[in-house]
Amino acid sequence: MASSPYVIVDELTIDIRTANGVLHAVSNVSFELPQGEVLCIVGESGSGKSMTALGLMGLLPGMATRKAKRLVVEGRNLLAMSPLEKSDFLGNRMAMIFQEPMTSLNPCFTIGNQMVETIRRHRNISARDALTQASKWLEKVGIPSSAGRLDQYPHQLSGGLRQRVMIAMMLMCEPKLIIADEPTTALDVTVQAQILQLLSALQRELGLTMIFITHDLGVVSRIADRVAVMYAGQFVEYGATREVLKSAQHPYTRGLLKCLPVPGRSARGAHLGTIPGSVPSLTGDMSGCGFANRCEYVAPDCLTSTVPLADRENEHRVRCLFRPEELISGRTAAGATP
Amino acid sequence: MTDQTAGSNRGAPRTWWGVFSRSKFLSHRGVVFGGTMLVIVLAAALLAPVLAPHDPYQQALLNRLKPPFWMEGGSWTYPLGTDHLGRDYLSRLMFGAQISILIGLATAIISGVLGTSMGLAAGYFGGRVDAVIMFIVTVKLSIPTILVALAVVQLVGGSLQIVILVLGLLLWHQFAVVARAVTMQIRDMDYITSARMVGCSSLRILATEVLPNVLNQIIVVLTLTMASAIVIEASLSFLGVGVQPPLPSWGIMIAEGKEHIFFRPWLVMIPGFALLFLVLSINLLGDGLRDITSPQGRG
Amino acid sequence: MTSSRPLLELRDVSRDFYIKTGIFSPNKILRAVRSVSMTIERGDVLAIVGESGCGKTTLARMLMNVLEPTSGEILYDGRPDNERPPEERSRKLQAIFQDPYSSLNPRKTISSIISLPLRIHGVRDSASVRRETLKIMDKVGLPARLYDNYPNQLSGGQRQRVAIARALILKPEIVICDEPTSALDVSVQSQILNLLMDMRQEFNLTYVLISHNLGVVEHLANKVAVMYLGRIVEMADCETLFADPLHPYTQALLASIMTPDPDLGIPVVELGVAFPSALNPPDGCAFHPRCSKRIPICNLKQPDIILEGERKLECHLFGNGQCDEGTRSKSSSV
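Per chain, residue numbering runs from 1 following the sequence as it is written. To label them, take the chains in the order written and letter them from A, then take the ligands in the order written and number them from 1. The model is predicted, so local features are restricted to residues of pLDDT at least 70 and side-chain atom pairs to those at 80 or more, both for listing and for counting; the totals for chains, interfaces and linings are taken over all residues. The basis for every side-chain value is the complete set of heavy atoms in the structure, and neither hydrogens nor water enter the calculation.

Secondary structure follows DSSP: runs of H or I at least 4 residues long count as helices, runs of E at least 2 residues long count as strands, and numbering of each begins at the N terminus. Along chain B, the regular secondary structure elements total twelve helices and zero strands. Scanning chain B from its N terminus toward the C terminus, one meets helices and strands in the order α-α-α-α-α-α-α-α-α-α-α-α. The 299 residues of chain B split such that 47% are buried. In chain B, of all internal contacts separated by at least 6 residues, the share reaching a separation of at least 24 is 73%. Using a 1.4 Å probe, accessible areas were evaluated by the Shrake-Rupley method; residue-level cover was limited to the displayed protein chains. Summed over all atoms, the accessible surface of chain B reaches about 14,300 Å², with 69% contributed by carbon and sulfur. Partly exposed residues are those whose accessible area sits between 20% and 50% of the maximum for their type, while under 20% is buried and over 50% is exposed, using a 1.4 Å probe and protein chains only. Residue contacts are defined here by distance: any two heavy atoms, one from each residue, within 4.5 Å place the two residues in contact.

Next comes the structure, spelled out in structure tokens:
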């Protein structure tokens, strides 16, 4: 829509100080997201996907440091904002939903109470108007008989309802950018589908830009316009959803897709594909390709040279030295761990 | 995000854990500080017969109420001066440490065994067992410890053994409460379920699966109880119903010094600081040990 | 081994929990599992699926013999518990749990965790304990160098392998797998699933698989039971169920599977938002408040169990005389 991208992240790097040294949670993550699009960041635990989200929001834990060339949202430079400006901007333009709504809702106050508080923190309106607003938004997220719900406490709601309440609370301040960190992971499959349906409908209706963090490739395929596959703190593959999922080029993405048991597609009872080994330590020296120790196509160059996120056709970017057709299994014995 | 370090431990040599835990031991400030202080007190106590410059019971009325060496009139013959009977204060302090540590340890162990077993049973079995044990704890908590100790010791007569026994029977409640709380968390862990499925007896589960996971909390309580036993013993002795003179308990030393507190304050301050020093070192060490022995390590 | 008796049989098994609601108010009854009957044959992989709170974990814990049914009985090898030496079931029936972090005692070494069942069941000789432990570690793909390590030095996948080794060391007949992969990453999940399949071949195992991941269920199971608020609402062999789900809840469940296919949109699930609690289950069919196909009788009467060969169903839409033309034609196609 807009001529310049709505979100610009340029070389975002997040280091965390730990007892065992500095952990490179996120290394040089860059992307641009036009207004109204959905970017999914997909990766396994420890890949740095949540850290990227928190880093963007500026909600990092104390031991973490954030570095970036540029962090721009809606043409405003997040890095240059004063704390006051930032807290204002965060509530009004950017909002975040978390995996476990129970921990983000205060158990001591009613839903209505918390919603009114949230609106009035950002907007100068009366409590009565705020309450009307709150019930309007609850209806919008598909909670019927919302007047009664406003008097309920978080523990009286099911997980799905709580997540809907969280979405309503987040949308009340009319943000333009939403960062959703595994918002459906803790939910049952049927509820997950309903919540995704709702989020996606609202996103389209309100023209929201969304960054969606998940580990589930199934979810990615259904809601994302673009996908970033994250591994060991880096984007290893980035592009349009169809492009990445249908013609995955990075060995990690290809491996992940083979790991999934898909009803009707993977042969029942047959062996699934695996990615041997486990995620490397993110502390200390990080030279070479992060995936080299688990990659079946590993070559000597992979262990020594820095692998860039290279542009391929169709705005598809891949962090691999080789094109898929150049990948040869078992080039060296190194990295072949059980 | 919690799995980040898990992979990094793969392929560690077998001795790695030992090396790591030892280095962690030495890098913890509380442990180093508390440990050093405790070692000093322990050495003083254990080596008192060898190191003490004088016999702690030997009176020398001519030399009574000598000030410590750093004050005017003090001398190196009596580094910390003498008390109102002319006994060497340093020697009494060192022998007194023996008493304090003995009482602290013995009390903590008696009450630890008692309280921990009650807490484990209450937490693991729950239901009626829990109700009964928690009732006993509640009753215990409503008993004023010092008053009961005073009364009992008054009745039976004060001696080292009686003080240990009374304090041991009075200080177990913290063990019970902590052990119960931790056991209740552990009880629902899948490894307990798994042990039950395999056919382990409850006793075996409590001893081999639950207890090792409760121990690091118990160590902290142990140190706290030890510290408070030492303080209570000093109080009882101060009040004249604890360890009986001429045994050089720190409490007795403070009691005897209190008459001179305005003109010879060191008579109270020296055993007072010794008490503070010992209790502080035990508490620091306890906190540190908890940090180190928990499987997750610090932070 | 040649007996025709089912390996595990549940007869009208129920489990209630009493929930304290306050000092003066009466205890509430949570009916976690409500008269479940089923048989598990040798060699089966029976999957139990359903939402959280549907009672599948309670059912699993009853199968594991760590929770007593309130009523009904569970027969192992055709005999109830009191007619059997107590250690038999603990030898033949093992479990793998969801969370590989809470299923291994952090204070014990890998070897002592794996060998515990062996030592409990009378193998005292330390050399043979070591030999057996190393053998099973090798089978499940754990390198021998981890023998003296502690669980916190292992990755999630390795921990789950330890749990599997512990479950298999006594050569059991049946293993209850309670969400064995849902705490694991995708790439590790597939390793563990492969291992479970290999072990089944090797040890002739029967599995009861508790899972909410329908992809995993479809891949592993040959029979599927769908649970809703404590009852099994539909049970069939896996292929039939995935190809032709009958119960509206099963249909919704299968419809909400999201395969990684960018050509498809987010599935539309025709279920209400309200989620009834097991403390206060609705009258009639427990599913009716969320059901998009409900008919008048649904909130009046608990549906009868309809048995058609291997298939089992609890739904008024397919009951005798109550169904309209459209659903009858569908039910006759079963």
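Moving on, we come to the pattern of salt bridges. Salt bridges, as used here, are contacts in which a Lys or Arg side-chain nitrogen is within 4 Å of a carboxyl oxygen on Asp or Glu. Taken as a whole and assessed by the stated rule, the structure comprises 29 salt bridges over all chains. Ionic pairing is found between E11 of chain A and K69 of chain A, a salt bridge with its closest N-O pair at 3.5 Å. With a gap of 58 residues between them, E11 of chain A in strand β1 (residues 7-18) and K69 of chain A in the loop between β4 (64-67) and β5 (70-73) connect regions that are remote in the sequence. A cluster of three or more residues bridged by salt bridges with shared partners is formed by R5, R42, D77 and E173 of chain C.

Residues and elements named next belong to chain C. Count a disulfide wherever a pair of cysteine sulfur atoms falls within 2.5 Å. Under the criterion given, the structure shown has zero disulfides over all chains. C298 provides the cysteine sulfur closest to C285, a residue in no disulfide bond, and the two sulfurs are 5.8 Å apart. By relative accessible area, C285 is classed as buried at 12%. C298 supplies the cysteine sulfur nearest to C315, a cysteine that is in no disulfide, at a spacing of 6.3 Å.

This brings us to the interface of chain C and chain A. In this assembly, 45 residues from chain C lie in contact with 49 residues from chain A. What gets called buried area is simply the loss in accessible area from a 1.4 Å probe that two parts show on being joined, summed for both. Interface area for chain C against chain A, summed over the two sides, is near 4,000 Å², with a carbon-plus-sulfur share of 57%. Counting the contacts that link chain C with chain A gives two salt bridges. Polar contacts, as used here, are pairs of N or O atoms within 3.5 Å; protein pairs need one atom able to donate a hydrogen and one able to accept it. Residues neighboring in sequence count only if both atoms are side-chain atoms. At the junction of chain C and chain A, the tally comes to 18 residue pairs in polar contact (both at pLDDT 80 or more). If you list the elements that add at least two residues to the side of chain C that touches chain A, you get α6 (186-203), α7 (214-220), α8 (238-243) and α9 (248-255) of chain C. Looking at which element gives the most residues to the side of chain C that touches chain A, the answer is α6 of chain C, with ten residues. Lys, Arg, Asp and Glu make up the charged group, whereas Ala, Val, Leu, Ile, Met, Phe, Trp, Tyr, Cys and Pro make up the nonpolar group; the residues left over, Gly among them, are polar. Residue composition of the side of chain C that touches chain A, by class: 23 nonpolar, 14 polar and eight charged.

On to the sheet that holds strand β4 (residues 71-76) of chain C, then. Residues and elements named next belong to chain C. DSSP calls a pair of strands paired once it identifies at least 2 bridges connecting them. Read from one edge of the open sheet, three strands run β2-β1-β4, paired in antiparallel fashion. A strand with exactly one partner marks an edge of an open sheet, and here the two such strands are β2 (28-40) and β4. Adjacent strand axes in the sheet meet at a mean angle of 25° when their direction is disregarded. Sheet topology places strand β1 (residues 8-19) next to β4; five bridges connect them, and they run antiparallel. What sits directly across from R11, in β4, is E73. Contacting β1, β2 and β4, helix α1 (residues 56-63) runs over the sheet at an angle of about 120° to β1. Each axis is a line fitted through C-alpha atoms, and for a helix only the stretch in contact is used; angles between axes span 0 to 180 degrees, taken between their N-to-C directions.

Our focus in this paragraph is helix α7 (residues 159-172) of chain A. What a helix should span is 1.5 Å times the count of its residues minus one. For α7 of chain A, built from 14 residues, the straight-helix expectation of 20 Å at 1.5 Å per residue is met to within 8% by its first-to-last C-alpha distance of 20 Å. Two residues or fewer after α7 of chain A comes E174 of chain A, characterised by a positive phi angle close to 50°.

All names here are of chain A. Counting buried positions along β1 gives nine out of twelve residues, so the element sits mostly inside the fold. Bridge count for β1 against strand β2 (residues 21-33) is nine bridges, and the pairing is antiparallel. Looking at β2, one finds that D15 is bridged to H24. In sequence, β1 turns back onto β2 through a hairpin of two residues. Inspection of the sheet shows β1 paired to β5 by four bridges, in the antiparallel sense. Bridge pairing links V7 to V73 in β5. Where β1 and β4 come together, four bridges link them in antiparallel fashion. Along β4, the bridge assignment pairs D15 with T65.

Another aspect to go through is unusual backbone geometry. Residue and element names in this part refer to chain A. For N28, which is not a glycine, the phi torsion comes out positive at approximately 50°. Take N28: it is sitting in strand β2. Phi at E74 takes a positive value of approximately 55°, unusual for a residue other than glycine. Along the polypeptide, E74 turns up in the loop between β5 and β6 (76-77).

Glancing now at the nonpolar core. F31, I167, I211 and F212 of chain A together with V224 of chain C are the most contacted members of the largest nonpolar core, which has 175 residues in total. Per-domain counts for this core show at least three residues from each of domain 1 (42-68 + 85-243) and domain 2 (250-334) of chain C. Discounting chain neighbours no more than four positions away, the residues touching I167 of chain A are I97, V141, I195, L198, L199 and L202 of chain A. In this structure, L46, M64, V208 and A225 of chain C belong to the second largest nonpolar core, which totals 32 residues. As used in this record, nonpolar core signifies buried Ala, Val, Leu, Ile, Met, Phe, Trp, Tyr and Cys residues forming a set joined through side-chain atoms within 4.5 Å. The source of the domain bounds is an automatic or database domain assignment.

A surface patch of nonpolar side chains, about 490 Å² in accessible area, is lined by L42, L46, L47, V50 and L51 of chain B. Looking at where L46 of chain B falls in the secondary structure, it is placed in helix α2 (residues 29-46). Residues with no salt bridge and a relative accessible area higher than 30% make up the patches, which join like charges within 9 Å and nonpolar side chains (Val, Leu, Ile, Met, Phe, Trp, Tyr) within 5 Å.

Let's shift gears to the pairing of strand β11 (residues 234-240) of chain A. Residue and element names in this part refer to chain A. Counted residue by residue, β11 has six buried out of seven residues, so it is predominantly covered. Direction of pairing for strand β10 (residues 226-231) relative to β11: antiparallel, over a ladder of six bridges. By the bridge assignment for β11, V227 is matched with G239. The hairpin turn running from β10 into β11, its antiparallel successor, is two residues long, and A232 in that turn takes a positive phi close to 50°.

Quick look at the confidence of the model for chain A now. All names here are of chain A. Here pLDDT means the predictor's own confidence in every residue, given as a number from 0 to 100. Summary statistics for chain A give a mean pLDDT of 85 and a share of 95% for residues scoring 70 or more. Within chain A, the lowest mean pLDDT, 69, falls on helix α6 (residues 146-149), and the highest, 94, falls on strand β3 (residues 38-42). Between residues 333-338, whose pLDDT stays under 50, and residues either more than four places distant or in other chains, the model counts ten contacts.

Time to look at helix α7 (residues 160-170) of chain B. By the burial criterion, the buried members of α7 of chain B are V163, I164, V166, L167, G168 and L170 of chain B. On its buried side, α7 of chain B packs onto α4 (89-125), α5 (127-141), α6 (145-156), α8 (173-187) and α10 (202-238) of chain B.

All names here are of chain A. If you trace the eight strands from one edge of the open sheet to the other, you get β7-β8-β9-β3-β10-β11-β13-β12, paired in mixed fashion. Here the strands that pair on one side only, and so sit at the sheet edges, are β7 (94-97) and β12 (310-312). Pairs of neighbouring strands in the sheet enclose a mean axial angle of 20°, with direction left out of account. Running at roughly 150° to β7, helix α1 (residues 49-57) makes contact with β3, β7, β8 (177-181), β9 (209-214) and β10 of the sheet. Strands in contact with helix α2 (residues 83-93) are β7 and β8; relative to β7, the strand with the most contacts, it is inclined by about 65°.

All names here are of chain C. Looking at the secondary structure, you find Q153 in the loop between α4 (126-139) and α5 (156-168). When its relative accessible area of 4% is taken as the criterion, Q153 is described as buried. There is a polar contact of 2.8 Å between the side chain of Q153 and the backbone nitrogen of Y150.

Further remarks concern the packing of α2 of chain B against α4 of chain B. Each pair of packed helices can be described by the angle between their axes along with the distance between the axes. All names here are of chain B. Axis separation between α2 and α4 bottoms out at 7 Å; the angle between their running directions is 110°. One finds that α2 runs roughly perpendicular with respect to α4. The handedness of the crossing between α2 and α4 is left-handed. From α2, V41, L42, A44, A45 and L46 reach across to α4, where they touch M94, A97, Q98 and I101. Class assignment of the residues belonging to the contact of α2 with α4 gives a composition of eight nonpolar, one polar and no charged. Angles below 35 degrees are treated as roughly parallel, those above 145 as roughly antiparallel, those between 65 and 115 as roughly perpendicular, and all remaining angles as oblique. For a crossing to be left-handed, the near helix must be turned anticlockwise from the far one by less than a right angle; the clockwise case is right-handed.

Residues and elements named next belong to chain B. Running from N to C, α10 and helix α11 (residues 250-257) point in directions that differ by 40°, and their axes come no closer than 7 Å. Considering their axes alone, α10 and α11 lie oblique with respect to each other. α11 is crossed by α10, and the crossing has right-handed handedness. When α10 is examined against α11, the residues A234, S237 and F238 are found in contact with a partner set consisting of G251, I252, I254 and A255.

Now for the packing of aromatic side chains. For any two aromatic rings, the description comes down to two numbers: the centre-to-centre distance and the angle of the planes. Stacked, edge-to-face and tilted are the three classes for Phe, Tyr and Trp ring pairs, Trp counted by its six-membered ring, which pair at centre distances within 6.5 Å; planes under 30 degrees apart are stacked, over 60 edge-to-face, the rest tilted. Tallied over the entire structure, the rule returns nine aromatic pairs over all chains. Judged by centre distance (5.0 Å) and plane angle (85°), the rings of Y228 of chain C and F287 of chain C are edge-to-face. One end of the pair, Y228 of chain C, is in strand β8 (residues 223-228); the other, F287 of chain C, is in the loop between α9 and β10 (305-308), and 59 residues separate them in sequence. With respect to burial, Y228 of chain C and F287 of chain C carry one shared label: buried. Here the aromatic residues F31, F235 and Y238 of chain A are joined through ring pairs into a cluster of three or more. A cation over a ring is seen here: K258 of chain B above F238 of chain B, with NZ or CZ 5.4 Å from the ring centre. Whether a charge sits over a ring depends on NZ of Lys or CZ of Arg being within 6 Å of the ring centre and within 35 degrees of the ring normal.

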